[in-house]
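Chains, contacts and geometry: an overview
Now for the letters of each chain:
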Amino acid sequence: PNRNFVDPDEGDHPDGGSWWKETEAMMSLGLQQSFALSANFHGGKEVVNYPWDTWPRRHPDDQLFVALSRAWATAAQEDGPSGYMRDLDNGITNGWDWYPVAGGRQDFMTYFARGREVTIEVSRTKLVPAEQLPELWSANRRALYGFLLTSLEGVRGVVTDPEGGPLDAIVEVVGHDAEQDRSAVRTDPDVGDYHRFLVPGTYDLRVSAEG
């Protein structure tokens, strides 16, 4: 299924096949909700992979992705068995640098849903036996909790109209975000809230809504 999502570069059906029902459901969920931060899990390697998979260029939030990935890998190394989560660049990699992928979920969620997603490769075994899952959970549990807490860092707030109703708005970091990467975030139109992760620094924000 991780070649079956709409790709930011190659468009629909990059794998040449029809949509899986599971892929359709996930794409629908990703676009209906306002996911700020997410991860998907695979087997086959021990590494945290971050966007882009489909382009050689770096995402405007590359520093943030590296920090997120490094924090996960470090926690997993500390909590896992000896030598765990140390593949490629000591447990992290840019997707394109590893190998290009078209139709992956992390690029779909990062580009089309305007969230931030990474891929966690939890084991060098592609299909992990059930009896190994408790050890993998122990190795990655603290990393997962830390990853989730990151969703509260950076800048967050609510965008409303003069009557206090929620607005469907774009929150752009001026001079940082790039339209070609759709890296500016949207508010949740049902609530008006947004979450914009940023590494420490000084930033100007532009908030805009139609009308």
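Heads up: the structure comes first, above all this text.
Residues numbered from 1 in each chain as written. Predicted model: local features only at pLDDT ≥ 70, side-chain atom pairs only at ≥ 80, totals over all residues. Heavy atoms only, no water.

Comments concerning the packing of aromatic side chains
Within this structure, the stated rule accounts for 11 aromatic pairs. Relative to Tyr111, the ring of Trp52 has its centre 6.3 Å away and its plane inclined at 65°; by these criteria the two rings are edge-to-face. Of this pair, Trp52 sits in the loop between strand E2 (45-50) and helix H2 (62-79) while Tyr111 sits in helix H5 (residues 105-111); the two residues are 59 residues apart in sequence, bridging distant segments of the chain. Taking the relative accessible area as the measure of exposure, Tyr111 reaches 15% and is therefore buried. (Phe/Tyr/Trp six-rings, centres within 6.5 Å; stacked < 30°, edge-to-face > 60°. Helix = DSSP H or I, 4+ residues; strand = E, 2+ residues; numbered from the N terminus. Buried < 20%, exposed > 50% of the residue type's maximum accessible area, 1.4 Å probe, protein only.)

Digging into the sheet that holds strand E6 (residues 169-173)
In spatial order, the strands read E7-E6-E9; together these 3 strands make up an open sheet with antiparallel pairing. On the outer flanks of this sheet lie strand E7 (185-186) and strand E9 (205-209), each paired with one strand and no other. As judged from the 5 bridges shared by E6 and E9, these two strands associate in the antiparallel manner. Note that in E9 the partner of Glu172 across the bridge is Arg206. (Pairing = 2+ DSSP bridges.)

Details of the nonpolar core
Ranked by size, the top nonpolar core spans 22 residues in total, and within it Val48, Trp72, Tyr84, Met85, Val118, Ile120 and Phe147 carry the most contacts. The greatest single-element share of this core, amounting to 7 residues, is contributed by H2. Residue contacts for Phe147: discarding those within four places in its chain leaves Leu37, Ser38, Ala39, Leu68, Trp72 and Val118. Formed by 6 residues, the second largest nonpolar core is a distinct cluster that contains Val6, Phe108, Met109 and Ala113. (Core = buried A, V, L, I, M, F, W, Y, C linked by side-chain atoms within 4.5 Å. Contact = heavy atoms within 4.5 Å.)

Some details on the sheet that holds strand E3 (residues 92-94)
Here 4 strands make up an open sheet; going across it, the order is E1-E4-E2-E3 and the pairing mixed. Because the sheet does not close on itself, it has two edges, and the strands there are strand E1 (37-42) and E3. Each strand of the sheet is rotated relative to its neighbour by a mean of 25°, with strand direction disregarded. For E1 and strand E4 (residues 116-123), the ladder comprises 6 bridges, and the chain directions are parallel. Bridge pairing in E4 links Ala39 to Val118. (Axes fitted to C-alpha atoms, helices over the stretch in contact; angles between N-to-C directions.)

Things to note about the pattern of salt bridges
For the structure shown, the criterion picks out 14 salt bridges. As a salt-bridge pair, Arg105 and Glu117 come within 2.8 Å of each other at their nearest N and O atoms. With Arg105 in helix H5 and Glu117 in strand E4, this pair connects stretches of sequence that are 12 residues apart. One continuous salt-bridge network, built from bridges that share partners, spans Asp61, Arg116, Asp177 and Arg196. (Salt bridge = Lys/Arg side-chain N within 4 Å of Asp/Glu carboxyl O.)

A closer look at the packing of H2 against helix H6 (residues 133-149)
The relative placement of two packed helices is expressed as an angle between their axes plus a distance between the axes. Direction vectors running N to C along H2 and H6 enclose 150°, while the axes themselves pass 7 Å from each other. Accordingly, the angle class assigned to the pair H2 and H6 is roughly antiparallel. The interaxial crossing formed by H2 with H6 has right-handed handedness. Side by side, H2 and H6 meet where Leu68, Trp72, Ala75, Ala76, Glu78 and Asp79 of the first sit next to Ser138, Ala139, Asn140, Arg142, Ala143, Leu144 and Phe147 of the second. The class makeup of the residues in the contact of H2 with H6 is 8 nonpolar, 2 polar and 3 charged. (Parallel < 35°, antiparallel > 145°, perpendicular 65-115°, else oblique. Left-handed = near helix turned anticlockwise from the far one by under 90°. Nonpolar A, V, L, I, M, F, W, Y, C, P; charged D, E, K, R; others polar.)

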